[in-house]
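Letter by letter, the chains look like this.
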Amino acid sequence: MSGATGTNPATGTAGTTEARASVPMVDAVSVSKSFGSNEVLKSITLRVQRGEVMCVIGPSGSGKSTFLRCINHLESVDAGRLYVDGDLIGYRQKGDRLYELKASEAAQQRRDIGMVFQHFNLFPHMTALENVIEAPIRVNGMSKQAAVARGTELLARVGLGQQASHYPSQLSGGQQQRVAIARALAMDPKLMLFDEPTSALDPELVGDVLDVMRELATSGMTMVVVTHEMGFAREVGDSLVFMDGGVIVEAGTPRDVLGNPQHERTKAFLSKVL
Amino acid sequence: MSDPVPPGSTASGSSPTGATPTGAAPVERAETIKAVKLRHPWRLTIAVVLIVLLVLFVLDAAQRKAFGWEYVGKYLFDIRISQAALITLELTVYSMIIGIILGLVLAIMRLSPNPVLKAVAWLYLWVFRGTPVYVQLVFWGLITLIYNSIVIGIPFVHTWDTIAITWVPPLFFISVVGLSLNEAAYMAEIVRAGLLSVDPGQEEAAKALGMSWWQTMRRIVIPQSMRIIIPPTGNEVISMLKTTTLVAAVPFTLDLFGRARDISAETFTPIPLLIVASIWYLFFTSILMIGQYFLEKRFSRGTDRGRPVVGVGVDIEPPVAGGTGGLR
Ligand SMILES: Nc1ncnc2c1ncn2[C@@H]1O[C@H](COP(=O)(O)OP(=O)(O)O)[C@@H](O)[C@H]1O
Ligand SMILES: [Mg+2]
């Protein structure tokens, strides 16, 4: 919906003053993350509202993937707090103490957050349909019959109704990525994270994947999309964040950031990709 | 892709076949090359010499008394020998099954996030890979001398009761224990290599779907590691079949080699019986090798099937220098 809260991530509290009825879907408060002495995220503060599509751009190594992985607790945060739908990710807070979540509790949190990877990471020993129904059956305890029905429906939704029994190796990159999206959707996530979903694709295959993502955005899914598809960001994104060197350099509506960048670094970056 | 391809060529979208200058279009196919094949006279010469030597050896062996061919014929299908062959097979199969299961457990322990499990597995491998299997088998044979009672009480402080262990495990049982515990250490390394060969992205994807560590292992990682694990496991089976001869250290003597020696001690015909045993071993290993050939064919077929075909170094991101601080 509104990218308003994304416009001023530096203060981070811009959104709260508006006292929205609903908590934001993603609420990152001064999130920092280091690998050894390499500080990859430096006090990232941002919010993603329900139904919002936030695109994240930035040069290689700027920490975009790491940030997504933190939201999904594939990496743990060193400092700051990260909430998804009001739940603190990775920890339980009692008083002013934090307790690490058990592996099963962390897995529980991840269920509701779908993730799509640059290299698809489909399970190569399973067919497209098996890829999609695996987690609903194993994790959610869904019956095989129900999972197959839902999986078939999802594959049709991403335009792969005919390829349900194909193995990933028999599918093009674009088809594989759409299976991966269906696989994530099968868990009925409330939030979808995309890490450069089209970067590994041949140019002519990008469009199909973006179409699926566009449709998903239209259906009201909350999405955080790391991408270099500026056309997609401009057209589908509600907000756009430019990251560099582990900080958010600039954020706002795609039209503002792309059309009228304020910072030199943003300008330099955009001049190279646009 | 943001690579410096000449602007016109991207339109087709097909893979960049850079090195095809489309100058004058070739009209006719050039003449097929007809050349005199390179000859290898030395290969032929050496092969002939070797065949001659082999024939001489066989002819010589056939009439050499010491080989005692009539005894070979007599004992090759002797009921005691074929029973012993069966026992050797049983030793192999049981030891491998237990070895594989325990090896899998050890490998998973080593890769698990739990440091206690890791340490236990490491210690196990250290001991069992670091000592000869022959010595281990002698040890297991002596186990009833080492541990002959159960003491109930506080260790080193007070004893309430001592229960003598009267059960004497059968030597076959001890042999299987000795062989399989040793095998487990080697299988653990094979399985570990297999598990590590699976793309970490697989584990990540499973985790992101909310699957537990164990679900991820069982459903995603282990099935994919089989391609790597199965061929060397075939080797281990063949190797185990031959290692069973070492159960003499326990001492267990009902296996093929033990039986052959026992019979020859009665009949004073050691050489024919060695030949008999060797023929049986060769027969079994040949079957296993054929099986392994097919297994390897089956499992190497998937080498490029296993992973989504992705340009390895495809980095789409614009070529902004890694540390972009200097851009300002
Ligand atoms: N698991 C890791 N261990 C150590 N360093 C890492 C790890 N993951 C990422 N990094 C480092 O963090 C930085 C940011 O990486 P990443 O988040 O992947 O950037 P981006 O996705 O924007 O290209 C890079 O310098 C990278 O080398
Ligand atoms: Mg990345």
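Residues numbered from 1 in each chain as written. Chains lettered and ligands numbered in written order. Predicted model: local features only at pLDDT ≥ 70, side-chain atom pairs only at ≥ 80, totals over all residues. Heavy atoms only, no water.

## A look at the site of ligand 1
Right, so step 1: Taken together, 12 residues lie near ligand 1, and G61, G63, K64, S65 and T66 of chain A sit nearest.
Right, so step 2: Surrounding ligand 1 are residues belonging to chains A and B, so the site spans chains.
Right, so step 3: Between K64 of chain A and ligand 1, the recorded distance is 2.8 Å, taken from a side-chain N or O atom to an oxygen atom.
Right, so step 4: When the free accessible area of ligand 1 is taken as 560 Å², the share hidden by the protein chains comes to 60%.
Right, so step 5: Put simply, the parts of the chain that give the shell around ligand 1 at least two residues each are β2 (38-48) and α2 (64-71) of chain A.
Right, so step 6: In terms of residue count, the dominant contributor to the shell around ligand 1 is α2 of chain A (3 residues).
Right, so step 7: Each residue belonging to the shell around ligand 1 can be placed in one class, and the counts come to 3 nonpolar, 7 polar and 2 charged. (Near = heavy atom within 4 Å. Polar contact = N/O pair within 3.5 Å; in protein donor to acceptor, adjacent residues only side chain to side chain. Areas by Shrake-Rupley, 256 points an atom, 1.4 Å probe, with all protein chains shown as cover. Helix = DSSP H or I, 4+ residues; strand = E, 2+ residues; numbered from the N terminus. Nonpolar A, V, L, I, M, F, W, Y, C, P; charged D, E, K, R; others polar.)

## Details of the interface of chain B and chain A
Right, so step 1: Each side of the interface is counted separately: chain B has 32 residues, and chain A has 46 residues.
Right, so step 2: In total, chain B and chain A occlude about 3500 Å² of area from one another, counting both sides; carbon and sulfur atoms represent 59% of this.
Right, so step 3: Counting every contact that joins chain B to chain A gives 2 salt bridges.
Right, so step 4: The salt bridge partner of R219 of chain B is E134 of chain A, with a shortest N-O separation of 2.7 Å.
Right, so step 5: Secondary-structure elements contributing two or more residues to the side of chain B that touches chain A are α8 (200-208) and α9 (213-243) of chain B.
Right, so step 6: Here the side of chain B that touches chain A is composed, by residue class, of 15 nonpolar, 8 polar and 9 charged. (Contact = heavy atoms within 4.5 Å. Buried area = accessible area lost by both parts, 1.4 Å probe. Salt bridge = Lys/Arg side-chain N within 4 Å of Asp/Glu carboxyl O.)

## Some points on the packing of aromatic side chains
Residues and elements named next belong to chain B.
Right, so step 1: According to the stated counting rule, one finds 11 aromatic pairs over all chains in the structure shown.
Right, so step 2: Considering the side-chain rings of W122 and W126, the 6.0 Å spacing of their centres and the 10° angle between planes classify their relative orientation as stacked. Remark: W126 and W122 occur in helix α4 (residues 115-130); sequence separation between them is 4 residues, near one turn of the helix.
Right, so step 3: Taking the relative accessible area as the measure of exposure, W122 reaches 47% and is therefore partly exposed.
Right, so step 4: Between the aromatic rings of F283 and F284, the centroid separation amounts to 5.6 Å while the plane-to-plane angle is 45°, which identifies the pairing as tilted. (Phe/Tyr/Trp six-rings, centres within 6.5 Å; stacked < 30°, edge-to-face > 60°. Buried < 20%, exposed > 50% of the residue type's maximum accessible area, 1.4 Å probe, protein only.)

## Focus on the side chain of T285 of chain B
Residue and element names in this part refer to chain B.
Right, so step 1: On the secondary structure map, T285 appears in helix α11 (residues 270-300).
Right, so step 2: Relative accessible area serves as the criterion here: at 7%, T285 is assigned to the buried category.
Right, so step 3: Setting aside anything within four residues of it in sequence, one finds T285 in contact with I238 and L241.

## Some points on the packing of helix α7 (residues 171-196) of chain B against α9 of chain B
All names here are of chain B.
Right, so step 1: In the contact formed by α7 and α9, the axes pass within 8 Å of each other and the chain directions differ by 150°. Accordingly, the angle class assigned to the pair α7 and α9 is roughly antiparallel. The handedness of the crossing between α7 and α9 is right-handed. Here α7 contributes L179, E183, Y186, M187, I190, V191, A193, G194 and L195 to the contact with α9, which in turn contributes V221, I222, S225, I228, I229, P232, T233, E236, M240 and T243. (Axes fitted to C-alpha atoms, helices over the stretch in contact; angles between N-to-C directions. Parallel < 35°, antiparallel > 145°, perpendicular 65-115°, else oblique. Left-handed = near helix turned anticlockwise from the far one by under 90°.)

## Quick word on a nonpolar patch on the surface
All names here are of chain B.
Right, so step 1: Together, I150, I152, I154, F156, V157, W160, I163, I165, W167 and F173 line one region of the surface with nonpolar side chains, adding up to about 1200 Å² of accessible area.
Right, so step 2: Breaking the nonpolar patch down by element, the ones donating at least two residues are β1 (149-154) and β2 (158-164).
Right, so step 3: In terms of residue count, the dominant contributor to the nonpolar patch is β1 (3 residues).
Right, so step 4: The topology assignment puts I165 in the loop between β2 and α7. (Patch = residues over 30% accessible without salt bridge, like charges linked within 9 Å, V, L, I, M, F, W, Y side chains within 5 Å.)

## Overview of the packing of helix α3 (residues 79-111) of chain B against α4 of chain B
Residues and elements named next belong to chain B.
Right, so step 1: In contact at an axis separation of 7 Å, α3 and α4 are set at 130° when each is read in the N-to-C sense. Put simply, α3 runs oblique to α4. Of the two possible hands of crossing, α3 and α4 adopt the one that is left-handed. Mapping the contact onto sequence places L102, L106, M109 and R110 in α3 and L117, K118, V120, A121, W122, Y124 and L125 in α4.
Right, so step 2: By residue class, the composition of the contact of α3 with α4 is 9 nonpolar, no polar and 2 charged.

## Some remarks on empty space enclosed by the protein
Right, so step 1: Scanning all chains against the criterion turns up 3 cavities of 30 Å³ or more.
Right, so step 2: The calculated volume of the largest cavity comes to roughly 60 Å³.
Right, so step 3: As for the largest cavity, its lining consists of 13 residues, and the residues nearest its centre are G114, M115 and A184 of chain A together with A208 and L209 of chain B.
Right, so step 4: Elements that contribute at least two residues to the lining of the largest cavity include exactly α3 (103-111), β8 (113-116) and α6 (173-185) of chain A together with α8 of chain B.
Right, so step 5: In terms of residue class, the lining of the largest cavity is made up of 9 nonpolar, 1 polar and 3 charged.
Right, so step 6: Each pocket or cavity is described by its volume, and for the second largest cavity that value is around 40 Å³.
Right, so step 7: If you trace the second largest cavity, you find it lined by V77, G80, R81, L82, L88, I89 and Y91 of chain A.
Right, so step 8: Per element, the largest residue contribution to the lining of the second largest cavity is 3 residues, and it comes from strand β4 (residues 79-84) of chain A.
Right, so step 9: Among the residues forming the lining of the second largest cavity, the class breakdown is 5 nonpolar, 1 polar and 1 charged. (1 Å grid on protein atoms, 1.4 Å probe; cavity = no way out; pocket = protein on both sides within 12 Å on 5 of 7 lines; lining within 4 Å. Points joined across faces, edges and corners; volume = space filled by probe spheres on them.)

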